[in-house]
Amino acid sequence: MEKWKTLASEYFYKTPFGNLRKDTCQLSNGIVINDYYVNEYADWVNAVVITEDNKIVLVKQYRHAGNDFFLEIPAGKIEENETYEEGILREVREETGFTSNTAPVKLGEFMVNPATQTNKIITYLIQGAYKASEQTLDSTEEIQVKLVDFKNFGRLMGSGEIKTQLFTASAYYMAKDYIEG
């Protein structure tokens with residue numbers, strides 16, 4: 001196998017949220033795909049945040065594309081000149097007001113959807129979290145903080161009581177595996 005060759009690229013739009021480009025690609029067998037669409041996004045960070053009394057800190061917010069409210073772990077994109085660890089600590093503090101005196105543990109780094117997206121998600125575990133401040137939300141954010149017993153979260157996902165995104169589910173199971181050794 002060989003990597004595809006990009007013969008041409010054109011952008012349909014570029015925004016602070018992300019870019020959409022169309023590539024013309026040639027496969028190693030010579031076939032040309034004239035309209036391969038790629039979404040360019042910044043890397044994201046997320047974290048399973050667990051309080052001193054073993055509650056997982058979740059954020060509830062409306063997700064327009066999903067046309068519903070979702071409980072998920074704190075997450076966001078990296079800002080300019082920010083490390084992944086700095087980014088997740090900032091996102092957790094802004095979205096929830098929680099912090100911790102222990103350093104985040106990196107659980108993994110994965111491509112979100114390498115077929116059509118350029119970004120990756122870096123997942124952390126933050127333990128010993130406590131409420132240190134009020135939320136500092138962007139003007140477009142409306143977020144409610146919810147605490148759920150960590151040991152019950154998997155059951156709540158399995159029963160459909162929590163209809164979370166894939167990245168929240170995978171982060172929970174990575175954290176659970178790390179904690180249980």
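Residues numbered from 1 in each chain as written. Predicted model: local features only at pLDDT ≥ 70, side-chain atom pairs only at ≥ 80, totals over all residues. Heavy atoms only, no water.

Enquirer: How would you sum up the overall build of the chain? Please name residues and give values.
Expert: Along the backbone of the chain there are 3 helices and 11 strands. Listed by position from the N terminus, the elements making up the chain come as β-β-β-β-β-β-β-α-β-β-β-β-α-α. For the C-alpha atoms alone, the extent of the chain along its principal axes is close to 60 × 40 × 35 Å. For the chain, the proportion of its 181 residues judged to be buried stands at 39%. Across the chain, every contact between residues at least 6 apart in sequence was considered, and the portion connecting residues at least 24 apart equals 58%. About 10,800 Å² of surface is accessible on the chain, with carbon and sulfur atoms providing 50% of the total. Here the chain holds 19 positive side-chain charges and 27 negative ones, and the gap between their average locations is 3 Å. (Helix = DSSP H or I, 4+ residues; strand = E, 2+ residues; numbered from the N terminus. Buried < 20%, exposed > 50% of the residue type's maximum accessible area, 1.4 Å probe, protein only. Contact = heavy atoms within 4.5 Å. Areas by Shrake-Rupley, 256 points an atom, 1.4 Å probe, with all protein chains shown as cover. Lys, Arg positive; Asp, Glu negative; His and termini not counted. Charge placed at Lys NZ, Arg CZ, Asp CG, Glu CD.)

Enquirer: Explain a nonpolar patch on the surface to me, using residue names and the numbers behind them.
Expert: Taken together, Phe12, Tyr13 and Tyr37 make up a surface patch of nonpolar side chains, about 310 Å² in accessible area. Note that tyrosine 13 resides in strand S1 (residues 5-14). What makes tyrosine 13 partly exposed here is its relative accessible area of 39%. (Patch = residues over 30% accessible without salt bridge, like charges linked within 9 Å, V, L, I, M, F, W, Y side chains within 5 Å. Salt bridge = Lys/Arg side-chain N within 4 Å of Asp/Glu carboxyl O.)

Enquirer: Quick one: what's the story with the nonpolar core, residue by residue and with numbers?
Expert: If you look at the biggest cluster of nonpolar residues, it comprises 21 residues, and the most contacted ones within it are Val48, Ile56, Leu58, Ile73, Phe150, Phe153 and Ile162. Those elements that provide at least two residues to this core are strand S4 (44-51), strand S5 (55-63), strand S10 (120-131), helix H2 (150-158) and helix H3 (166-180). A total of 5 residues in this core trace back to one element, the largest contributor, which is H3. Ignoring anything within four residues of it in the chain, the contact list for leucine 58 reads Leu71, Glu72, Ile73, Gln144, Val145, Lys146, Val148, Phe153 and Ile162. Core analysis: the second largest hydrophobic core is formed by 12 residues, Ile78, Val92, Ile122 and Ile126 among them. (Core = buried A, V, L, I, M, F, W, Y, C linked by side-chain atoms within 4.5 Å.)

Enquirer: Summarise unusual backbone geometry; cite the residues concerned and give the values.
Expert: With a phi angle near 65 degrees, asparagine 54 is a residue other than glycine that sits in the positive phi range. Note that asparagine 54 resides in the loop between S4 and S5. Looking at asparagine 54, the relative accessible area reads 37%, which means it is partly exposed. Residues other than glycine seldom take positive phi values, yet asparagine 81 does so here, at roughly 60 degrees. Under the relative-accessibility criterion, asparagine 81 is labelled exposed at 77%.

Enquirer: Pulling in residues and values, what's your account of the sheet that holds strand S3 (residues 32-40)?
Expert: Read across the sheet, 3 strands follow the order S1-S2-S3 without closing on themselves; strand pairing throughout is antiparallel. For this open sheet the edge positions go to S1 and S3, each flanked by a neighbour on one side alone. With direction set aside, neighbouring strand axes in the sheet form an average angle of 25 degrees. (Pairing = 2+ DSSP bridges. Axes fitted to C-alpha atoms, helices over the stretch in contact; angles between N-to-C directions.)

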